[in-house]
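# Structure at a glance
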Amino acid sequence: MVNAGRRWLCGGLIACCVLLGGCEDAAGPKGASANKAAEATMVRGRTMGTFYSITVPGGFPGGEEALKKLADEKLNTIVSAISTFDPKAELARFNAHDDVTPFPISPLLAGLIEESLHQSKRIDGAMDITIGPLVNLWGFGKDHPRKVPGDYELDAARRLVGADKFELRHTPNEPLLVKRERGVKLDLATIGEGAGADAIAAALDRLGVRDYLVSVAGASRSRGHNPRGELWKIGIEDPTTPDGHVFTTICPLDQAVSTAGSYRNFFIDEKTGRHYSHIIDPHTGRPVEHQTLSVTVVDRAALVTDALDTGLLVWGADKAHAWAERHDMAIYTIEYRDGRPHGRASRAFNQYQRCTQGGNP
Ligand code: ADP
Ligand code: MG
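### Considerations on helix H11 (residues 317–327)
For H11, the full list of buried residues reads Ala 317, Ala 320, His 321, Trp 323 and Ala 324. When H11 is viewed along its axis, its buried side chains cluster within an angular range of 160° and face the same direction. Exposed residues on H11 whose side chains face more than 90 degrees from its buried face are Asp 318 and Arg 326. If you follow the buried residues of H11, they end up packed against helix H6 (107–122), strand S16 (292–299), helix H10 (302–315), strand S17 (330–337) and strand S18 (340–345). Asp 328 occupies a position one or two residues after H11 and carries a positive phi of about 55°.

Below is the structure:
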């Protein structure tokens, strides 16, 4: 009944093009300093159903093997806390615990939930980690067929969604998660990539690594300079091109950047021809249908940007920009209008575009 569409190219950010060898657009012309690039340690791997990549100019002690080990350890720790696809992961076990008795969790998972709740409040719950029953209903969870649900099922799932449907309790021992109703399911998929990028960046910072670029699908952290000794530049993908051309280029200036898109993971209902994106509006219970194709956020941590980009995408560009101006937040949206993509930067975003020439706003 449905066609599925899913393709990952660094999830809207083209930071990892450095590794794919096609970075002229994003990183400027290759020049005399190309030899320096050879000194970088670069690794690439898979996590969370997508890709990650890391570049450490000047080389990482222990080389590729050590860097990959560090990254995989950090990412696996996050995955074993938040995955809903691995039945052994903490969050999957909490979701399967179909009971309102308290469920002990790790401080790591408690911290990720707490920060997600905090970011969610800033945008009136447009990003909501209790979205799990709706994600499953529309078929974007594990082992659920992609389909357009009926009104009755939709109402039943919506009744399980909302920050008041569970409680995070801090006790002198371990933190506890408590469902207020059976059937509540949490989904931290949207902050996973950001949390992963932050964990790797924190580990590199602790080791004193001064220059790096870490990207976990659509979330990136960077510091210092690229292998050519220039500020890092990353591309924001053009959502309207099948192979993810660079739409505009920014310098992250040591900040976290992430992009949420409604255009890579979706299905088409063959009966109506309508597209259903994996980004769901918690208030309507339905996938978003507006013409905002992606939202990019720049801020101090990728967990923050990754939590906000999804909620701002739920809102759509106009409401997202009104919020960004009120709160002095750096966001960039790409909308589809008159048959082509249009970029829009918030005032606070301009500083990240200044280092690049031209762009494509
Ligand atoms: P992107 O592909 O844009 O990077 P992510 O993979 O970060 O998106 O997050 C999308 C996932 O987040 C969905 O597959 C779903 O599990 C979950 N999700 C969808 N809508 C929401 C929402 N409004 N709030 C929180 N999580 C959501
Ligand atoms: Mg996100």
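### Re the packing of aromatic side chains
Across all of its chains, the model carries seven aromatic pairs by this definition. Ring centres of Phe 94 and Phe 103 lie 5.7 Å apart, and the angle between their planes is 65°; on these two criteria the pair is classed as edge-to-face. The exposure class of Phe 94 is buried, given its relative accessible area of 0%. Relative accessible area serves as the criterion here: at 10%, Phe 103 is assigned to the buried category. Among the aromatic residues, those joined into a cluster by ring pairs are Trp 138, Phe 140, Phe 267 and Tyr 276. When the ring centre of Phe 51 is taken as origin, the NZ or CZ atom of Arg 44, which lies over that ring, is 4.7 Å away. Directly above the ring of Phe 51 sits Arg 46, whose terminal nitrogen or CZ lies 4.6 Å from the centroid.

### Notes on the sheet that holds strand S4 (residues 103–104)
Strand order in this open sheet of three strands is S4-S6-S5, and the pairing throughout is antiparallel. Looking at which strands have only one partner, the edges of the open sheet turn out to be S4 and strand S5 (166–169). Direction of pairing for S5 relative to strand S6 (residues 176–179): antiparallel, over a ladder of four bridges. Its bridge partner lying in S6, Leu 168 is registered against Leu 177. Of the strands in this sheet, S5 and S6 touch H6, which is tilted by about 125° from S5.

Calculation rules
Residues numbered from 1 in each chain as written. Chains lettered and ligands numbered in written order. Predicted model: local features only at pLDDT ≥ 70, side-chain atom pairs only at ≥ 80, totals over all residues. Heavy atoms only, no water. Buried < 20%, exposed > 50% of the residue type's maximum accessible area, 1.4 Å probe, protein only. Helix = DSSP H or I, 4+ residues; strand = E, 2+ residues; numbered from the N terminus. Arc of directions from axis to C-beta. Contact = heavy atoms within 4.5 Å. Phe/Tyr/Trp six-rings, centres within 6.5 Å; stacked < 30°, edge-to-face > 60°. Lys NZ or Arg CZ within 6 Å of the ring centre and 35° of its normal. Pairing = 2+ DSSP bridges. Axes fitted to C-alpha atoms, helices over the stretch in contact; angles between N-to-C directions.

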